[in-house]
Amino acid sequence: MREQLPEQPPQHLPSTRHLRARDGWNALQSILHRPGSPLMGLLALHRAFAQDEFELQAFGLRMRVAAGPASVKRVLYEQADRYASRLEGDPVTALFGQGLLVMDGERHTVVKDVIVQSSRRNELEERLRAALPALDEALHRALRRGALSLPDAPRRMTWRALEAVYFDHDLTAEEERTYLRDLTDLVHHIGPGLWLLHGRAPKLPAASDRMRRRLAVLYQRALTSADGAPIHALARACGREEMPFAVDQLMTLLVAGHDTATSLLSSLVILLAHRPELQDALRQEIEGLAGRTQPDIRALDALPLLDAVVREALRLYPPIHSGLRAELGSGHRVMVSYFLLHRHQGIWPEADTFNPDRWQRGVTPGAYAYLPFGAGPRYCPGATFARLEVKWLLARLLQRASLHPVSRPPRIAMRAALEHRPTVIAVRHR
Ligand code: HEM
């Protein structure tokens, strides 16, 4: 582990404004070799002079970036109450309203508690188990044409799993057709974009109203049921009077809960498609447990290689690549870059290499060095569910098929989540 940084942020942070020409050239090379979105390019600039905390300055954008364990810990945990989750008027605030992800203070604690209490591991497992036949069928359909479209196929599957477990709803084929485009629009709406530079948030897409109406129907149904899914817990806590507030929560869970798992599953498929020997080793582990039958979700969680592969994909491609905050009072933006933290060269040997083996050697990265699900009061309430569903989907996928790349690795973009630009992976049925 590296040394602790001082408790207070340094007065004068290094800034990308002072980048020397040589650093800029090196950074440009790294961007060209790893093309991605403009934000990723800007962050790559920082790698040129490897700092744990710095000021990102470009084209009028100015924000503090925390990218090392001590600075990340300070923002997420030690001084968490100095930051608001978002600025008023940001697209994500417009979409989620008073949703958990963009809300602060006492109300945040109360709603978080409702969600956390209603998503305990045993209940999640039970609900997910009940949804497995439908998920298996969705996987079967996705593989039918001998190809897996990314990120659409994972998106359909993670959306289905989320609706079943959190909203107690079986997504119909008709809904999937009608709303897939809407869901993608909503996700793209909240990603960082040019609005960060000119300060005017884009208008909410019409998809938002349509999705809210659909979620309101699910919520109304939940008001009259006593089941134990998170939507029912919300219904008990908010009742009919606070329906718009509850729909904000559902919208937040819908977007935050499916886009992240989509990103992780897509990364895993792409990474494994390029590593046939790793696919074989994983398959051996999975089939040693369950043969060709549907594996049990709880038993899967104890498979060491599967665990290492998922951990490593979360390190290299953290679906939530950054956590944005606004400093109370000044309103200055602060970004916790999970992406840079996970590729910190002082912590991770061969930081840019996909190497699941590092997790099997029992090496731990140290506190606040590996945070795919965040930390502190805003720790992800869906972490357990996400790991369970993604491990199951990946295991089942490998039991059914082998994965083969059809082209060079696709580009990734820093949108709301780290997103793989559309691509197709060939699959051979087994
Ligand atoms: C692989 C999947 C997932 C990853 C990598 C992930 C990652 C994260 C991270 C890093 C944060 C903290 C963001 C910050 O610092 O600002 C977060 C927050 C959150 N996540 Fe997840 N997440 C995943 C899945 C899910 C799922 C399945 C759900 C819901 C079912 C969910 C719901 C949320 C919510 C509501 C928050 C906001 C929590 C708060 O502000 O208190 N996430 N997630």
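Residues numbered from 1 in each chain as written. Predicted model: local features only at pLDDT ≥ 70, side-chain atom pairs only at ≥ 80, totals over all residues. Heavy atoms only, no water.

Closest axis-to-axis distance for the helix α7 (residues 152-166)/helix α12 (residues 243-273) pair is 8 Å, and the angle between their directions is 140 degrees. In terms of their interaxial angle, α7 and α12 are classed as oblique. The chirality of how α7 crosses α12 is right-handed. Along its contact with α7, which presents P154, R155, T158, W159, L162, E163 and Y166, the element α12 presents L253, L254, G257, H258, D259, A261, T262, L265 and S266. Class assignment of the residues belonging to the contact of α7 with α12 gives a composition of eight nonpolar, five polar and three charged. (Axes fitted to C-alpha atoms, helices over the stretch in contact; angles between N-to-C directions. Helix = DSSP H or I, 4+ residues; strand = E, 2+ residues; numbered from the N terminus. Parallel < 35°, antiparallel > 145°, perpendicular 65-115°, else oblique. Left-handed = near helix turned anticlockwise from the far one by under 90°. Contact = heavy atoms within 4.5 Å. Nonpolar A, V, L, I, M, F, W, Y, C, P; charged D, E, K, R; others polar.)

Only one protein atom coordinates the iron atom of the ligand: C380 (SG), located 2.3 Å from the metal. Within the secondary structure, C380 is located in the loop between α17 (357-360) and α18 (383-400). (Donors = N, O, S within 2.8 Å, 3.2 Å for Na, K, Ca; no water.)

As a further point, take helix α3 (residues 69-78). Burial within α3 is extensive, with seven of its 10 residues counted as buried. Regarding α3, the residues found buried are P69, A70, S71, V72, R74, V75 and L76. (Buried < 20%, exposed > 50% of the residue type's maximum accessible area, 1.4 Å probe, protein only.)

Looking at the ligand, there are 27 residues lining it, with H108, K112, R325, Y338 and C380 nearest. R325 has a polar side-chain atom sitting 2.8 Å from an oxygen atom of the ligand. Mapped onto the shell around the ligand, the elements with two or more residues apiece are α5 (105-117), α7, α12, β5 (322-327) and α18. Ranked by the residues each element gives to the shell around the ligand, the list is headed by α12, at six residues. Along the lines of polarity and charge, the residues of the shell around the ligand split into 18 nonpolar, six polar and three charged. (Near = heavy atom within 4 Å. Polar contact = N/O pair within 3.5 Å; in protein donor to acceptor, adjacent residues only side chain to side chain.)

Further remarks concern the environment of G239. Relative to the helices and strands, G239 resides in the loop between α11 (230-238) and α12. Spatially, the C-alpha atom of G239 lies 9.3 Å from that of Q220, the residues being 19 residues apart in sequence. In this structure, G239 is in contact with Y219, L223 and L234, ignoring residues within four places of it in sequence.

By the definition in use, this model includes five aromatic pairs. Between Y77 and Y368, the ring centres sit 6.4 Å apart and the planes meet at 40 degrees, which makes this aromatic pair tilted. You can see Y77 sitting in helix α3 and its partner Y368 sitting in the loop between α17 and α18, a full 291 residues away along the chain. Between W348 and Y370, the aromatic rings sit 6.1 Å apart at their centres with planes inclined by 65 degrees, giving edge-to-face as the arrangement. Remark: Y370 occurs in the loop between α17 and α18 and W348 occurs in the loop between α16 (338-342) and α17; sequence separation between them is 22 residues. The class for W348 is buried, based on a relative accessible area of 4%. Taking the relative accessible area as the measure of exposure, Y370 reaches 16% and is therefore buried. Taken together through their ring pairs, the aromatic side chains of W348, W359 and Y370 make up a single cluster. In this arrangement the basic side chain of R107 is found over the ring face of F245, its NZ or CZ atom lying 3.9 Å from the centre. It is R214 that lies over the ring of Y179; its NZ or CZ is 5.3 Å from the centre. (Phe/Tyr/Trp six-rings, centres within 6.5 Å; stacked < 30°, edge-to-face > 60°. Lys NZ or Arg CZ within 6 Å of the ring centre and 35° of its normal.)

We now examine the pattern of salt bridges. Across all of its chains, the model carries 40 salt bridges by this definition. Where R129 meets E125, a salt bridge forms, and the shortest distance between an N and an O atom there is 3.7 Å. Residue R129 and its partner E125 are both found in helix α6 (residues 121-143); the two are separated by four residues, about one turn of the helix. Accessibility expressed as a relative area gives 2% for E125, which makes it buried. Where salt bridges share partners, they join R121, E125, R129, D296, R298, D301, D307, R311 and K391 into one cluster. (Salt bridge = Lys/Arg side-chain N within 4 Å of Asp/Glu carboxyl O.)

Here we take up the pairing of strand β10 (residues 423-429). Pairing analysis gives four bridges linking strand β4 (residues 147-150) to β10, with the strands arranged antiparallel. Bridge pairing in β10 links S149 to V424. Where strand β7 (residues 401-405) lies against β10, five bridges are found, and the strand directions are antiparallel. Residue S402 lies in a different strand from β10, and its bridge partner there is R428. (Pairing = 2+ DSSP bridges.)

Let's shift gears to unusual backbone geometry. Going from L150 to P151, the amide bond is cis rather than trans, its omega being 0 degrees. A positive phi angle, close to 45 degrees, is found at E350, a residue other than glycine. Mapped onto the secondary structure, E350 falls in the loop between α16 and α17. Looking at E350, the relative accessible area reads 62%, which means it is exposed. Of note, Y368 is a non-glycine position whose phi angle comes to about 60 degrees, a positive value.

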